Amino acid sequence: MTATLWAEMLIRPLADTEPIPYGLLLDADPSKELVDLYLAQSEAYVVEYRNAVIGIYLLCPVGPESMEIKNIAVAVGFQAKGIGQWMLYDAMEKAKQRACNEILIGTSSTSIGPLYLYQKVGFEVSHIIHNFFLEHYSEPLFDHGLHCKHMIVLKKVI
Ligand code: ACO
């Protein structure tokens, strides 16, 4: 991505008055019920580019010194340009500002791309929540043809 495009992007909080970008949120997590639950508990940050929202992440307190990125998504035409990585570093910075010493993120064991990205920026596998996707979703989920069953939770000390 060119320097000009980067110069036109910013990460900012999602305002209470603006529409919730469900298209992006549901791309990361198809359960509207869970998305709404996480939205209610989290700070939402969006990437804005030329007055359009092209990325989002939700940062949720999960302990006195711990926050979790509950959802992260980039609009299809803007993926694979480094924006996801930028949001992950921004989330780490925000969690640090809130006196946290660790940040978590969870995804399906079948989500190879996100698992690569999270480890690339320094997250390490913390634990596995077995059968998370079987127990929390009414419909079976598939990723690259693989049945999503278990959640891998990764953690980074910040
Ligand atoms: N498949 C393969 N590689 C990937 C993928 C993927 N799905 N996503 C990221 N990567 C790799 C990139 O190739 C890149 O590698 P490189 O630096 O070695 O070239 C690196 O990770 C950085 O990628 P970014 O460009 O920063 O990632 P992007 O801006 O595309 O954002 C994201 C990543 C958020 C996963 C995006 O692809 C997306 O919105 N996907 C759909 C929604 C989704 O799956 N969200 C995550 C669900 S888990 C959760 O929300 C906690």
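Our structure's up above, just so we're on the same page.
Residues numbered from 1 in each chain as written. Predicted model: local features only at pLDDT ≥ 70, side-chain atom pairs only at ≥ 80, totals over all residues. Heavy atoms only, no water.

Glancing now at the packing of aromatic side chains. All chains considered together, the criterion is met by seven aromatic pairs. Considering the side-chain rings of Tyr118 and Phe123, the 6.3 Å spacing of their centres and the 65° angle between planes classify their relative orientation as edge-to-face. Across the pair, Phe123 and Tyr118 agree in class, each one buried. Plain terms: the ring middles of Phe132 and Phe133 are 5.1 Å apart, the flat faces sit at 80° to each other, and that makes the pair edge-to-face. Aromatic rings pair up to connect Phe132, Phe133 and Tyr137 into one cluster. (Phe/Tyr/Trp six-rings, centres within 6.5 Å; stacked < 30°, edge-to-face > 60°. Buried < 20%, exposed > 50% of the residue type's maximum accessible area, 1.4 Å probe, protein only.)

Think of an α-helix as 3.6 residues a turn; residues three or four steps apart then line up on the same face. Leu34, Val35, Tyr38 and Leu39 are the residues of helix H3 (residues 32-41) that are buried. Down the axis of H3, the buried side of the element spans an arc of 140°, and every buried residue falls inside it. What points out from H3, more than 90 degrees from its buried face, is the exposed set Glu33 and Ala40. Residues of H3 that are buried make contact with helix H2 (22-28), strand E3 (52-63), strand E4 (66-74) and helix H6 (132-136). (Helix = DSSP H or I, 4+ residues; strand = E, 2+ residues; numbered from the N terminus. Arc of directions from axis to C-beta. Contact = heavy atoms within 4.5 Å.)

Under the 1.5 Å per step criterion, the end-to-end length of helix H4 (residues 83-97) is 21 Å for 15 residues, consistent within 8% with the ideal 21 Å. After H4 finishes, the residue Ala99 shows a positive phi value of roughly 65°. (Expected span 1.5 Å × (residues − 1).)

Interpretation note: all reported values are geometric properties and have no functional meaning in isolation.
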